[in-house]
Amino acid sequence: MPAAAASPVPKPLKQRGRFVNTDAVRVAPGLADAVLASPFKRAGGMAIDLVVIILLSALAKPILGVFTGLTFASLGSRRVSDARVWLVFRWVLVGLGAGVMLLSAFFVAGTPIVRTGVFNIAAEERAGPPEAPLLSANPSHSELQRAVNRLEQRDEFLSSENKALRNREGGRSLTTAAADFGKTFGLTFGWAGVYFTLLTAWLRGRTLGKFLMGTRVVRLDGRAITPMDAFIRNGGYAAGLATGLIGFMSILWNENRQAIHDRMTGTVVVLNNPGAARVTPVAAVPSSTPPPSDSPPSPS
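Residues numbered from 1 in each chain as written. Predicted model: local features only at pLDDT ≥ 70, side-chain atom pairs only at ≥ 80, totals over all residues. Heavy atoms only, no water.

> How do you make sense of the overall build of the chain when you look at a structure like this?
Counting its secondary structure elements, the chain contains nine helices and two strands. Traced from its N-terminal end to its C-terminal end, the chain shows the element sequence α-α-α-α-α-α-β-α-α-α-β. The 300 residues of the chain split such that 30% are buried. A separation threshold of at least 6 residues defines the contact pool for the chain, and within that pool the share at least 24 residues apart is 69%. (Helix = DSSP H or I, 4+ residues; strand = E, 2+ residues; numbered from the N terminus. Buried < 20%, exposed > 50% of the residue type's maximum accessible area, 1.4 Å probe, protein only. Contact = heavy atoms within 4.5 Å.)

> Mind showing me how you'd approach the side chain of Thr226 here?
Among the structural elements, Thr226 can be located in the loop between β1 (215-219) and α7 (227-242). A residue is classified by how much of its surface remains accessible, and Thr226, at 17% relative accessible area, is buried. Side chain to side chain, Thr226 and Asp229 meet in a polar contact 3.0 Å long. Apart from the residues within four sequence positions on either side, Thr226 is in contact with Arg78 and Ala201. (Polar contact = N/O pair within 3.5 Å; in protein donor to acceptor, adjacent residues only side chain to side chain.)

> Can you help me understand empty space enclosed by the protein in this one?
If a probe as big as a water molecule is rolled over the atoms, it shows which places are left empty. Applying the stated criterion to the full structure yields one cavity of 30 Å³ or more. Considered as a void within the structure, the largest cavity measures approximately 40 Å³ in volume. In terms of lining, the largest cavity is formed by Phe196, Thr200, Ala230, Arg233, Asn234 and Tyr237. Elements with a contribution of two residues or more to the lining of the largest cavity: α5 (174-202) and α7. (1 Å grid on protein atoms, 1.4 Å probe; cavity = no way out; pocket = protein on both sides within 12 Å on 5 of 7 lines; lining within 4 Å. Points joined across faces, edges and corners; volume = space filled by probe spheres on them.)

> Sorry if this is basic, but what is going on with helix α3 (residues 84-108) here?
An α-helical turn contains 3.6 residues, so a residue and the one three or four places further along point in the same direction. Across its 25 residues, α3 extends 36 Å between first and last C-alpha, which sits within 8% of the 36 Å expected from 1.5 Å per residue. Among the residues of α3, those classed as buried are Trp86, Arg90, Leu93, Gly97 and Ser104. Lining the buried residues of α3 we find α2 (61-75) and α7. Gly110 occupies a position one or two residues after α3 and carries a positive phi of about 80°. (Expected span 1.5 Å × (residues − 1).)

> Explain the nonpolar core here, please?
When a protein is soluble and globular, its nonpolar side chains tend to lie buried together. Residues Ile53, Leu64, Trp191, Val194, Tyr195 and Phe196 are the most contacted members of the largest nonpolar core, which totals 13 residues. At seven residues, α5 tops the list of elements feeding residues into this core. Val27, Val218, Leu220 and Val270 belong to the second-largest nonpolar core, a separate cluster that totals eight residues. (Core = buried A, V, L, I, M, F, W, Y, C linked by side-chain atoms within 4.5 Å.)

> Would you mind showing me how to read the pairing of β1 here?
Counting buried positions over the five residues of β1 gives five, a clear majority of the element. Alternating residues of β1 divide into Thr215, Val217 and Arg219 and Arg216 and Val218, and every residue in both groups is buried.

> Would you mind showing me how to read the layout of surface pockets here?
Roughly 650 Å³ of volume is contained in the largest pocket. Considering the residues around the largest pocket, the lining is formed by 28 residues, among which Met46, Leu50, Phe196, Tyr237 and Phe248 are closest to the centre. Here the lining of the largest pocket gets 10 residues from one element, more than from any other, and that element is helix α1 (residues 39-56). Its residues placed into classes, the lining of the largest pocket shows 17 nonpolar, six polar and five charged. (Nonpolar A, V, L, I, M, F, W, Y, C, P; charged D, E, K, R; others polar.)

> Mind showing me how you'd approach the side chain of Asp49 here?
As for its position among the elements, Asp49 is in helix α1. This buried residue, Asp49, is left without a salt bridge; Lys210 holds the nearest opposite charge, at 4.4 Å. Other than its neighbours up to four places away in sequence, Asp49 contacts Tyr195, Phe196, Thr207, Leu208, Gly209 and Lys210. (Lys, Arg positive; Asp, Glu negative; His and termini not counted. Salt bridge = Lys/Arg side-chain N within 4 Å of Asp/Glu carboxyl O.)

> Where do I start with the confidence of the model for the chain in this structure?
Per-chain confidence: the chain averages 77 in pLDDT, with 69% of residues scoring 70 or above. At the low end of the mean pLDDT range in the chain sits helix α4 (residues 141-169), at 76; at the high end sits helix α6 (residues 208-213), at 95. Confidence over residues 120-125 falls short of pLDDT 50; this stretch has three contacts with residues more than four positions distant or in other chains. Here residues 284-295 scores under 50 on pLDDT; set against residues more than four positions off or in separate chains, the count is two contacts. (pLDDT = per-residue confidence, 0-100.)

> Before we go on, may I ask you to explain the packing of α2 against α3 in this structure?
Describing two packed helices takes the angle between their axes plus the distance from one axis to the other. One way to put it is that α2 packs onto α3 with a least axis distance of 7 Å and a crossing angle of 165°. Considering the angle they form, α2 stands roughly antiparallel to α3. In the crossing of α2 with α3, the sense of the turn from one axis to the other is left-handed. Taken together, the residues of α3 that come into contact with α2 (itself represented by Pro62, Ile63, Gly65, Val66, Gly69, Leu70, Phe72, Ala73 and Leu75) are Trp86, Leu93, Val94, Leu96, Gly97, Val100, Met101, Ser104, Ala105, Phe107 and Val108. (Axes fitted to C-alpha atoms, helices over the stretch in contact; angles between N-to-C directions. Parallel < 35°, antiparallel > 145°, perpendicular 65-115°, else oblique. Left-handed = near helix turned anticlockwise from the far one by under 90°.)

This is how it looks when you write it as structure tokens:
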């Protein structure tokens, strides 16, 4: 009798959570037993990325606009589906991105690279108050009128400066503080989207933080990460925050150390190696089992 085929040996329990488990998800053969990035490396890479994003948020708004347009254009640069709706939508993204880039480039000219007031760097100089009028010993009526006008301008200027100083030094309302926080958060969130989308797609699953920590994001099916994959994965960060960070902490107990943004896009974070970026996709792997035939079997 023919020998029975050997069944795969299950991984020991102590190895689970360290290597990619092909039993939990369908993965490309080249990713089998790829070493997963540890939670420490993932947290370290994210910390580095956040520092870079905070520094980028100090740049002028038109610069963010240029890279935002580039992000939109990159989202439509690759065909995701053959559906007619996607073919139209991708060209809408490319056109929108090009328009945003051109408009932002127009405003970049003559704009300081670093936003005024960031890090207390050289805020724009403001004109001082009008000089106090000097009158002659016997001033005429016109001289007195000019002096009165000058004093009124000086009083108005000093009143506005006094009000601005009170607001800066502690007289700010909650509404003003919330508005300032919203502007800062909006710039940081915008740069986060640009940073994670473009770098993850352009650097084959790496950002600056992942590069320094020696890790890489890969798709489970072995295909290259597209800008749309990176964009959706970045959106998963918002889902992780909405779950009270539980979506991030799931890497501590998930079989393949997948956070919520990994499960949304079918990705894992592995230790960087040259082969991780050149895995044969699942669809291209020949199957060892012949496809079923629709014709009835021939009589023997």
